[in-house]
Amino acid sequence: SAEAPPSGRSSLVAEVYGNSLFVFGGYNGTIVLNDFYEFRFEPVTIPPSSLVDDMLKLMNNPVYSDVVFLVEGKQVHATRAQLAARSEHFRAM
């Protein structure tokens, strides 16, 4: 049979260690509790971040650009969001 879940409580002590969450004691509004629970998590694999690669895809990309500069006769594509994030001048526009 499944164990009953812990009652609602405040002032508890909880800690994540390894693949488990440990909960001890607390106060349920009526009595001070001294029970102990362990909740096991399924291991999760977190993929490596692709943020930098994703941001690089926006640089000088005519598909996503909304601004084009002409620099030494060559077009340089940019997005307003990138310009605003990196330049106080463009942020003020």
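Residues numbered from 1 in each chain as written. Predicted model: local features only at pLDDT ≥ 70, side-chain atom pairs only at ≥ 80, totals over all residues. Heavy atoms only, no water.

*Asks:* Is there a simple way to think about the overall build of the protein in this case?
*Replies:* Secondary structure assignment for the protein yields three helices and five strands. Taken against the 2.2 N^0.38 rule, which gives 12 Å for 93 residues, the C-alpha radius of gyration of the protein at 27 Å runs more than 25% over that of a compact globule. Its C-alpha atoms put the protein at 75 × 30 × 20 Å along the principal axes. For the protein, the share of sequence-separated contacts (at least 6 apart) that also reach a separation of at least 24 residues comes to 14%. (Helix = DSSP H or I, 4+ residues; strand = E, 2+ residues; numbered from the N terminus. Rg over C-alpha atoms; globule rule 2.2 N^0.38 Å. Contact = heavy atoms within 4.5 Å.)

*Asks:* Help me understand the environment of V76, please; the structure alone is not making it clear to me.
*Replies:* The topology assignment puts V76 in strand β5 (residues 74-78). The class for V76 is partly exposed, based on a relative accessible area of 32%. (Buried < 20%, exposed > 50% of the residue type's maximum accessible area, 1.4 Å probe, protein only.)

*Asks:* Help me understand a nonpolar patch on the surface, please; the structure alone is not making it clear to me.
*Replies:* Residues V13, F24 and F36 make up a contiguous nonpolar surface patch of about 320 Å² in total accessible area. Checked against the element boundaries, F24 lands in strand β2 (residues 20-27). (Patch = residues over 30% accessible without salt bridge, like charges linked within 9 Å, V, L, I, M, F, W, Y side chains within 5 Å. Areas by Shrake-Rupley, 256 points an atom, 1.4 Å probe, with all protein chains shown as cover. Salt bridge = Lys/Arg side-chain N within 4 Å of Asp/Glu carboxyl O.)

*Asks:* Quick question: what am I supposed to make of the pattern of salt bridges here?
*Replies:* Should the charged atoms of two oppositely charged side chains come close, the side chains can pair. Inspection of the entire model under this criterion finds four salt bridges. For D54, the salt bridge goes to K57, with nearest N and O atoms at 3.7 Å. With D54 and K57 both in helix α1 (residues 51-58), this residue pair falls three residues apart, about one helical turn. With a relative accessible area of 33%, D54 lands in the partly exposed category. A salt bridge links R80 to D66, with the shortest nitrogen-to-oxygen separation between them at 3.4 Å. Placement of R80 in helix α2 (residues 80-86) and of D66 in the loop between α1 and β4 (67-71) is noted, with a sequence separation of 14 residues between them. Take D66: its relative accessible area is 46%, and that puts it in the partly exposed class.

*Asks:* Honestly, the pairing of strand β3 (residues 32-40) in this entry has me stumped. Any pointers?
*Replies:* Working note: regular strand, side chains alternate between the two faces of the sheet. As judged from the seven bridges shared by β2 and β3, these two strands associate in the antiparallel manner. Counterpart to F24 in the pairing with β3 is F36. Taking the residues that link successive antiparallel strands as the turn, the β2-β3 hairpin has four residues, and the phi of G29 there is positive, at about 95°. (Pairing = 2+ DSSP bridges.)

*Asks:* Looking at this structure, how should I read the sheet that holds β2?
*Replies:* One key point about sheets: their strands pair by backbone hydrogen bonds, in either a parallel or an antiparallel sense. What the three strands build is an open sheet, ordered β1-β2-β3; its pairing is antiparallel. Of all strands in the sheet, those with a lone pairing partner are β1 (13-17) and β3, marking the two edges. Strand after strand, the sheet turns through a mean of 10° between neighbouring axes, direction not considered. As defined by bridge partners, β1 adjoins β2 across five bridges and the pair is classed as antiparallel. Bridge assignment links V13 to a residue of β2, and that residue is F24. (Axes fitted to C-alpha atoms, helices over the stretch in contact; angles between N-to-C directions.)

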